[in-house]
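So you can see what is in the structure, the chains are spelled out below.
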Amino acid sequence: MNVQSPNDLNAFWMPFTANRQFKTEPRMFVAADGMYYTTSDGRQVLDGTAGLWCCNAGHKRPKIVEAVQAQVAEMDYAPAFQMGHPKAFELANKLVNMAPEGMEHVFYTNSGSESVETALKIALAYHRAKGDGARSRLVGRERGYHGVNFGGISVGGIVNNRRFFGSLLTGVDHLPHTHLPEQNKFVRGQPEHGAHLADDLERIVALHGAETIAAVIVEPMAGSTGVLLPPKGYLERLREITRKHGILLIFDEVITGFGRLGSSFAAEHFGVTPDIMVTAKGLTNGVIPMGAVMCTAEIHDAFMNGPEHVIELFHGYTYSGNPIAAAAGIATLDTYREEGLFERAAELAPYWEDMLHGLKGLPHVIDIRNMGLIGAIELEPIAGSPTQRAFSAFLAAYDKGLLIRTTGDIIAMSPPLIIEKDEIDRIGETLKDVLTSID
Ligand SMILES: Cc1ncc(COP(=O)(O)O)c(C=O)c1O
């Protein structure tokens with residue numbers, strides 16, 4: 001029999017964490033309110049990352065808390081298959097109403113990773129439903145992050161997320177990433193150079209034949225790889241080429257959805273509408289796991305044939321549209337709307353941009369990128385010890401009362417959209433302190 005005290009740290013194998021480092025120097029949050037976390041030693045930490053890019057309305061928001069409490073007391077769970085409950089439908093309608101024109105149906109999941117798998121499966125099954133089943137290839141992009149399940153890491157392009165896990169899905173190709181540091185350094189907003197990188201899709205089409213390609217999936221703005229913005233004209237070009245060849249375009253909006261760029265979705269922000277949109281995170285303000293995949297009527301309707309008693313799509317999760325998640329989702333979308341948080345993000349964006357670019361010239365900083373309420377500071381890696389410098393910055397910031405996120409040697413930030421200007425100033429001052437104090 002194992003005998004472990006409840007506060008022993010050993011049993012929990014933590015995700016995407018340096019477990020041994022953490023367990024020698026634990027960092028524990030025990031409460032959260034508004035823009036701040038409280039640590040187990042009673043300190044306040046300013047949330048510079050909206051949790052993990054998900055608490056867009058900030059923490060412990062009354063409407064969401066109450067909705068979850070009321071729902072769990074009223075009905076804890078309803079079967080997701082062959083049964084329904086009203087809130088799942090209500091939330092779907094709200095989502096469709098805030099999504100770009102053309103996104104008319106919603107399929108629920110429990111995470112970004114599951115939303116990605118769902119989107120890829122819908123894309124493949126759609127072509128088959130149309131009698132076009134030879135379209136089985138999927139195209140992702142280098143440096144893309146689409147979660148951690150097998151489909152997602154196959155189309156994703158972050159080497160450490162792929163290299164340990166076998167040969168992944170077959171029939172997957174990758175577009176080049178859009179990071180051109182020589183041409184696009186310290187750019188505010190969208191970079192000028194790189195639209196031509198979308199043309200690589202024509203090379204992939206020429207190599208395999210368009211009639212074998214089901215879908216292209218990209219993050220309209222790549223977040224987890226360290227905030228890479230789409231060059232001007234890039235997404236438009238990708239839309240043009242996919243449409244020309246009958247290839248579905250999937251936008252992974254897990255980070256960009258729900259106000260991060262100062263609009264409901266990146267699709268709206270950039271004026272480019274995909275065929276399928278992948279969402280999660282901000283959908284429930286991070287409170288309860290939930291994802292949603294949205295698609296066009298054309299895709300949905302292709303499945304709606306055959307005898308009416310037969311299931312049209314053999315896919316779904318026990319917790320698809322879970323009542324508590326649905327209640328959290330409705331209250332979250334209401335909070336965003338009532339408080340005008342997407343507009344607020346757009347209004348604050350120039351101030352945020354000035355703060356970030358004010359860090360140019362500090363030690364180690366080799367690039368700064370931003371859009372909406374998202375920003376990245378790229379640091380020169382320590383020779384022979386990549387990621388060490390950014391990790392030191394993360395620890396130093398935490399000590400100084402600021403939560404940042406790092407990926408490789410890039411600091412990424414995405415504060416809740418309720419942030420105040422003086423808190424943006426504080427982030428800037430803390431980062432200045434951090435960057436001048438680390439090796
Ligand atoms: C673009 C994108 N897709 C998918 C995911 C995976 O989401 P989850 O961690 O909820 O599975 C993430 C998470 O950061 C993401 O940024």
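Every value quoted in this text rests on a predicted model; they were computed, and no experiment measured them. (Residues numbered from 1 in each chain as written. Predicted model: local features only at pLDDT ≥ 70, side-chain atom pairs only at ≥ 80, totals over all residues.)

> When you look at the overall build of the protein in this model, what are you seeing that I'm missing?
Looking only at helices and strands, the protein features 15 helices and 15 strands. Against the globule reference of 22 Å for 439 residues, the protein gives a C-alpha radius of gyration of 22 Å, in line with a compact fold. Expressed as a percentage of the 439 residues in the protein, the buried residues total 47%. Taking the contacts inside the protein whose residues are at least 6 apart along the sequence as the reference set, 72% of them involve residues at least 24 apart. (Helix = DSSP H or I, 4+ residues; strand = E, 2+ residues; numbered from the N terminus. Rg over C-alpha atoms; globule rule 2.2 N^0.38 Å. Buried ≥ 20, exposed ≤ 12 C-beta atoms within 10 Å, placed from the backbone. Contact = placed C-beta atoms within 7 Å.)

> When you look at the site of the ligand in this model, what are you seeing that I'm missing?
By nearness alone, 14 residues border the ligand, and Ser111, Gly112, Ser113, Gly147 and Val254 come closest of all. Counting residues per element, the shell around the ligand draws most heavily on helix α5 (residues 112-129), which supplies 3 residues. Residues belonging to the shell around the ligand are distributed by class as follows: 5 nonpolar, 7 polar and 2 charged. (Near = placed C-beta within 6 Å. Nonpolar A, V, L, I, M, F, W, Y, C, P; charged D, E, K, R; others polar.)

> Could you clarify how one ought to interpret the domain arrangement of the protein in this entry?
By a widespread convention, an interface's size corresponds to the accessible area lost as its parts come together. Domain parsing of the protein yields domain 1 (19-57 + 340-437) and domain 2 (65-338). Between domain 1 and domain 2, the residue contacts involve 31 residues of the former and 28 residues of the latter. Every element with two or more residues in the side of domain 1 that touches domain 2 is listed here: α2 (50-53), α13 (341-357), β11 (365-371), β12 (374-379) and β15 (410-413). The class makeup of the residues in the side of domain 1 that touches domain 2 is 17 nonpolar, 9 polar and 5 charged. (Domains from an automatic or database assignment.)

> When you look at the sheet that holds strand β8 (residues 248-252) in this model, what are you seeing that I'm missing?
Strand-to-strand pairing in sheets goes through backbone hydrogen bonds, with the strands running parallel or antiparallel. An order of β4-β10-β9-β8-β7-β5-β6 is seen for the 7 strands of this open sheet, with the pairing classed as mixed. Strands with a single pairing partner mark the edges of an open sheet, and in this sheet they are β4 (103-109) and β6 (172-175). Direction aside, neighbouring strands of the sheet carry axes that sit 20 degrees apart on average. Note that strand β5 (residues 137-141) and strand β7 (residues 213-218) share 3 bridges and pair parallel. The residue bridging Leu138 from the neighbouring strand is Ala215, located in β7. Packed on one face of the sheet, helix α4 (residues 86-98) meets β4 and β10 (291-296) and runs near 135 degrees to β4. (Pairing = 2+ DSSP bridges. Axes fitted to C-alpha atoms, helices over the stretch in contact; angles between N-to-C directions.)

> Got a minute to help me understand helix α9 (residues 234-244) in this structure?
Those residues of α9 lying buried are Tyr234, Leu235, Leu238, Arg239, Ile241 and Thr242. Where α9 is buried, its residues touch α8 (200-208), β7, β8 and α10 (266-270). With its phi angle positive at about 70 degrees, Gly246 sits one or two positions after the end of α9.

> Looking at this structure, how should I read the pairing of strand β3 (residues 44-47)?
Looking along a regular strand, one sees the side chains alternate between the two faces of the sheet. One ladder, built from 3 bridges, connects strand β2 (residues 36-39) with β3; its direction is antiparallel. The partner of Tyr36 across the bridge, within β3, is Leu46. Joining the antiparallel neighbours β2 and β3 is a turn of 4 residues, in which Gly42 adopts a positive phi near 85 degrees. Bridging between β3 and strand β13 (residues 402-403) involves 2 bridges; their strand directions are parallel. For Asp47, the partnering residue across the bridge sits in β13 and is Leu403.

> Hey, could you run me through the environment of Glu312 in this one?
Here Glu312 is to be found in the loop between α11 (297-303) and α12 (323-338). On the basis of neighbour count, Glu312 is assigned to the partly exposed category, with 14 C-beta atoms found within 10 Å. Glu312 sits 251 residues away from Arg61 along the chain, and the two C-alpha atoms are 38 Å apart. Those residues within four positions of Glu312 in sequence are excluded, and the remaining contacts are Phe303 and Met304.

> Hey, could you run me through the nonpolar core in this one?
A general feature of soluble globular proteins is that nonpolar side chains tend to end up buried together. With 122 residues, the main nonpolar core has Ala119, Ala123, Ala215, Val216, Ile250, Ile276 and Ile411 as its most contacted residues. No other element matches α12, which puts 9 residues into this core. In terms of domain composition, this core takes at least three residues from each of domain 1 (19-57 + 340-437) and domain 2 (65-338). Apart from residues lying up to four places away in sequence, Ile276 is in contact with Ala119, Ile122, Ala123, Leu248, Ile250, Val293, Cys295 and Ile299. (Core = buried A, V, L, I, M, F, W, Y, C linked by C-beta atoms within 7 Å.)

> Help me understand helix α15 (residues 421-437) in this model?
In an α-helix, one turn spans 3.6 residues, which is why side chains three or four residues apart end up on the same side. When the terminal C-alpha atoms of α15 are compared, their 24 Å separation across 17 residues agrees well with the 24 Å that a helix rising 1.5 Å per residue should span. Summarising the contacts, the buried residues of α15 are in contact with β3, α13, β11, α14 (388-399), β13 and β15. (Expected span 1.5 Å × (residues − 1).)

> Looking at this structure, I do not really get unusual backbone geometry. What am I missing?
Most peptide bonds take the trans form, and the phi angle of most residues other than glycine is negative. Positive phi outside glycine occurs at Ala50, with the angle close to 45 degrees. With respect to the secondary-structure elements, Ala50 resides in helix α2. Residue Ala50 is classed as buried on the basis of its C-beta count, with 30 C-beta atoms lying within 10 Å.

> Would you mind showing me how to read the sheet that holds strand β14 (residues 405-407) here?
Ordered in space as β11-β12-β15-β14, the 4 strands form an open sheet in which the pairing is antiparallel. Looking at strand neighbours, the two that pair on one side only are β11 and β14, the edges of this open sheet. Across this sheet, the average inter-strand angle for adjacent strands is 20 degrees, counted without regard to direction. As paired strands, β11 and β12 are joined by 6 bridges and run antiparallel to one another. Bridging from a neighbouring strand, Asp367 pairs with Glu378 of β12. Set on the sheet, α13 makes contact with β11 and β12; between it and β11 the angle comes to about 180 degrees.

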